[in-house]
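As a plain string of letters, each chain reads:
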Amino acid sequence: MEKRGELPINSSKFRKLSDAEDLTEVQLNDMDPSHRDETEVGNSGGTETRFNGNPEQSKWFRSKMFLMSVVFSCLLITAMCIGFVVHYANSGDVGDMDAVTYWPVKLPQEQQEWFDRGIDELKKAVAREYNRRRAKNVILFVGDGMGPNTVTAARIYGFKEEGLLTWEHFPHMGLLKTYCADKQVPDSFSTATALFGGVKVNYETGGVDSNVPLGNCTASQDEDHHVQTILKWAQLDGMRTGFVTTTRVTHATPAALYAHVPDRRWECEAGMKAEDRAQGCKDIARQLVELPTGQRINVIMGGGRQMLVSNVRDSAADPLDTWASKSSDGRDLIRDWRQLKEAEGASHAVVQNNRELWNLNGENVDYLLGIFANGHLMYDHERDRSEAGMPSLSNMTLKALEVLGNSDKGFLLVVEAGLIDQAHHRGNARKALNEVLQLNAAVESTLSFLKSTDRLDETLVIVTADHSHSLTINGHPDRGASILGLAGNSKTEQTPYTTLTYGTSYQGFQVDPTTQRRRNPAEDDLSGWDYTQQAAINTDENLHGGSDVTIHAEGAMSYLFHGVHEQSYVAHAISYALRIGRFRDSAIAETLAELTPL
């Protein structure tokens, strides 16, 4: 046996338990009460710790009651987890604010207002549903020149900062990139072709692809380079079609629906070169009345008599558009249109003022031609509202819906608020904003009509613009101030400036001849209809802007508009929603769709 070292054994920590050959030593703990139940037992093999606690505790952990409690707790937790999984899987939408509560917090009124609004918007967001049914009808509203700043300024002008325009309540929206095939900043003819035909084309051309240069008659006659539109696709599928505009019916935006020309100025023969006419190129007005796509349009309403009829007379109540051409070749295309419909035996009507439009029962006609002005229609605040006057955009839109709603095959209607653009081109911001409000009224009236006729769920309603303008919202005007008023004083010249200005404008850069400084706008009637906002650069007119424009959608398949899109995407989305053009169903699928609508 190994001899142990001579260690002192008189320490109180050690006690000799045995004289056995394998000596065992017990190390006693300090007398600290917190350690009184713990004993370390040492031997030559190591140290073992034992707990000499309450024997009742030890029995509890080994009892049946404890084991049952553990098992029951495990089963309860498992059941709860399974319940949550099943609930979320079945509900499909965890964020139902009608069922999910939130913690009410008492806040100062200045904060509470915005928290309440936030909760209201959240409720709308999580309650939004996707209407996936196939669209039977499409109504496309186009605010010509209605860029984002125009929309914001019109909202403030009509409803103050807190308000919303009707289409801003729509559940789906996106942005459209408006550049055309050869320009960063487009014109209305090229953008309308993108919207209606799904193809980006050259500046100031329409209905022809980018292989056709501006003004080239020969290239435009190659039908391989003609761009077909949603209007023609809808006609081929048996749908009714129509358009309404406050501009001339031969102007850039509506012309892109039916014409194929290399120059937007070809509204009548006077806008064309003699050699182009000699080659057989047709002007836009003749294509509307003499070619198949134009002839099949059920509703045509707007201005432009000076393009359709030769040598019309100018008057204060119905002025000619001096910026455009006017026909002088002896034509009367309104007469020709009427004679064509009579020869076809089609029920039709020609209306040229409010009285004739009001008295027309749209359900009794299949074709309607309404020409209410020599040039563009009058601005809404200027128009004659009497029986002899011109209709509003809302009046024309509702009458168009009466005519188009007579078919079980559905319809496609394009509505253009074209005078927004015309006002911007002259630098008259108030006129432009008021025309946006007229578009808003037309959209609101349309939604009411669709609801009253139980067509809203089967109709895709879209509101967008073709391009923007250079309108800007400047400075730091007070909340609630007039959007047409002053924003403050320039810090460098101390001259006041208005909240709304333009980048380019007609007579926009205004100099005081006595001081040779910028004219003080406070000396002018800023809220006058004819006030021209100041601008950075003078030119012959306000030029277009190149920013993206918004697109808003409601109804059948409105979810197709969801992000930043090429402007040309719109035509493809509409044709898909209607199942026309390249997305047209087979005859069997068409029959099944009619028998079992979604």
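Residues numbered from 1 in each chain as written. Predicted model: local features only at pLDDT ≥ 70, side-chain atom pairs only at ≥ 80, totals over all residues. Heavy atoms only, no water.

Engineer: Even after reading the chapter, I still don't get the overall build of the protein chain, so can you show me in this structure?
Structural biologist: The helix and strand tally for the protein chain stands at 19 helices and 23 strands. Expressed as a percentage of its 598 residues, the buried residues of the protein chain come to 47%. In the structure as shown, the protein chain presents an accessible area of about 30600 Å², 52% of it carried by carbon and sulfur atoms. (Helix = DSSP H or I, 4+ residues; strand = E, 2+ residues; numbered from the N terminus. Buried < 20%, exposed > 50% of the residue type's maximum accessible area, 1.4 Å probe, protein only. Areas by Shrake-Rupley, 256 points an atom, 1.4 Å probe, with all protein chains shown as cover.)

Engineer: Would you mind showing me how to read the side chain of D512 here?
Structural biologist: On the secondary structure map, D512 appears in strand β18 (residues 511-512). Notably, D512 is buried but unbridged: the nearest opposite-charge side chain belongs to R519, and the N-O separation is 5.7 Å. For D512, the side chain forms a polar contact with the side chain of T514, separated by 2.6 Å. Those residues in contact with D512 that lie beyond four places of it in its chain are R517, R518 and R519. (Lys, Arg positive; Asp, Glu negative; His and termini not counted. Salt bridge = Lys/Arg side-chain N within 4 Å of Asp/Glu carboxyl O. Polar contact = N/O pair within 3.5 Å; in protein donor to acceptor, adjacent residues only side chain to side chain. Contact = heavy atoms within 4.5 Å.)

Engineer: How should I be thinking about the sheet that holds strand β9 (residues 348-351) in this particular structure?
Structural biologist: Strand pairing within a sheet occurs via backbone hydrogen bonds; the two strands may be parallel or antiparallel. Taken in spatial order, the 10 strands line up as β9-β10-β8-β7-β11-β5-β12-β22-β6-β23 in an open sheet, and their pairing is mixed. Across the chains shown, the open sheet's two edge strands, defined by having one partner strand only, are β9 and β23 (564-566). On average, adjacent strands in this sheet sit at an angle of 15 degrees to one another, irrespective of strand direction. By the bridge criterion, seven bridges tie strand β5 (residues 137-143) to strand β12 (residues 459-465) in an arrangement that is parallel. Within β12, the position partnered with I139 by the bridge is V461. Against the sheet, helix α13 (residues 333-344) contacts β8 (299-303), β9 and β10 (367-371), and its axis sits at roughly 165 degrees relative to β9. Helix α18 (residues 569-578) contacts β5, β6 (172-177), β12, β22 (549-555) and β23 of the sheet and is inclined by roughly 160 degrees relative to β5. (Pairing = 2+ DSSP bridges. Axes fitted to C-alpha atoms, helices over the stretch in contact; angles between N-to-C directions.)

Engineer: Is there a simple way to think about the packing of aromatic side chains in this case?
Structural biologist: Two aromatic rings are characterised by how far apart their centres lie and by the angle between their planes. Inspection of every chain in the model, using the stated rule, returns four aromatic pairs. Look at Y130 and Y559: their rings are 5.8 Å apart centre to centre, the planes differ by 75 degrees, and that puts the pair in the edge-to-face class. Of this pair, Y130 sits in the loop between α3 (109-126) and β5 while Y559 sits in the loop between β22 and β23, and the two are 429 residues apart along the sequence. Relative accessible area serves as the criterion here: at 45%, Y130 is assigned to the partly exposed category. Accessibility expressed as a relative area gives 19% for Y559, which makes it buried. Ring centres of F243 and Y258 lie 6.1 Å apart, and the angle between their planes is 20 degrees; this geometry places the pair in the stacked category. Residue F243 is found in strand β7 (residues 240-248), and its partner Y258 is found in the loop between α8 (252-255) and α9 (274-278); the two are separated by 15 residues along the sequence. Comparing F243 with Y258 shows no difference in burial state: the two are buried. One residue, R132, lies across the ring of Y559, its end atom 4.9 Å from the ring centre. Stacked on the ring of Y203, the Lys or Arg K183 has its end atom at 5.4 Å from the ring centre. (Phe/Tyr/Trp six-rings, centres within 6.5 Å; stacked < 30°, edge-to-face > 60°. Lys NZ or Arg CZ within 6 Å of the ring centre and 35° of its normal.)

Engineer: Just checking my understanding: could you explain helix α15 (residues 393-404) for this structure?
Structural biologist: Given 3.6 residues per turn, any residue in an α-helix points the same way as the ones three and four places further on. Spanning 12 residues, α15 covers 16 Å between terminal C-alpha atoms, matching the ideal 16 Å at 1.5 Å per step. In terms of burial, α15 is largely enclosed, as nine of its 12 residues are buried. Within α15, burial applies to L393, S394, M396, T397, K399, A400, L401, V403 and L404. (Expected span 1.5 Å × (residues − 1).)

Engineer: I would appreciate a short explanation of the side chain of N440 in the present structure.
Structural biologist: Mapped onto the secondary structure, N440 falls in helix α17 (residues 429-452). Ignoring any residue separated from it by four or fewer positions in sequence, one finds N440 in contact with F159, L165, T166 and W167.

Engineer: For this particular structure, what's the right way to read the pattern of salt bridges?
Structural biologist: Two side chains with opposite charge may pair up if their charged atoms get near one another. Scanning the model with the defined rule gives 30 salt bridges in all. As a salt-bridge pair, K282 and E290 come within 2.6 Å of each other at their nearest N and O atoms. Exposure remark for K282: the relative accessible area of 30% places this residue in the partly exposed category. E290 sits in the partly exposed class, given a relative accessible area of 28%. Linked by salt bridges that have partners in common, E269, K282, D283, R286, E290, D329 and R331 make up one network.

Engineer: What should I look at first to understand a nonpolar patch on the surface in this one?
Structural biologist: On the surface, F72, L76, M80 and F84 cluster together into a nonpolar patch covering about 440 Å² of accessible area. Checked against the element boundaries, F84 lands in helix α2 (residues 64-91). (Patch = residues over 30% accessible without salt bridge, like charges linked within 9 Å, V, L, I, M, F, W, Y side chains within 5 Å.)

Engineer: What am I meant to see in the sheet that holds strand β14 (residues 471-473) here?
Structural biologist: A sheet is described by the order of its strands in space; here three strands give the open sequence β14-β17-β20, paired in mixed fashion. Among the strands making up the open sheet, the edge pair consists of β14 and β20 (535-539). Going across the sheet, the axis of each strand differs from the next one's by a mean of 20 degrees, ignoring polarity. Both strand β17 (residues 500-506) and β20 contribute to a ladder of four bridges, which runs parallel. By the bridge assignment for β20, Y506 is matched with T539. Docked against the sheet, helix α4 (residues 148-159) engages β14 and β17, running at close to 55 degrees with respect to β14.

Engineer: Help me understand the confidence of the model for the protein chain, please; the structure alone is not making it clear to me.
Structural biologist: Low pLDDT marks stretches whose predicted atomic positions should not be read closely. Of all residues in the protein chain, 85% have pLDDT values of 70 or greater, and the mean over the chain is 88. Ignoring residues within four places in sequence, the model shows residues 1-51, a span with pLDDT below 50, making 45 contacts including any to other chains. (pLDDT = per-residue confidence, 0-100.)

Engineer: Sorry, what's going on with α18 here?
Structural biologist: Of all 10 residues that make up α18, seven are buried, and the element is covered over most of its length. Among the residues of α18, V570, A571, A573, I574, S575, A577 and L578 are the ones counted as buried. Within two residues after α18, R579 carries a phi angle of roughly 60 degrees, on the positive side.

Engineer: What's the story with unusual backbone geometry in this structure? I'm lost.
Structural biologist: Glycine aside, the phi torsion of most residues is negative, and most peptide linkages are trans. Positive phi values are uncommon outside glycine, yet K160 reaches one of about 65 degrees. Along the chain, K160 falls in the loop between α4 and β6. If you check the backbone angles, Q516 has positive phi at about 60 degrees while not being a glycine. Inspection of the secondary structure puts Q516 in the loop between β18 and β19 (517-518). Classification of Q516 as exposed rests on a relative accessible area of 59%.

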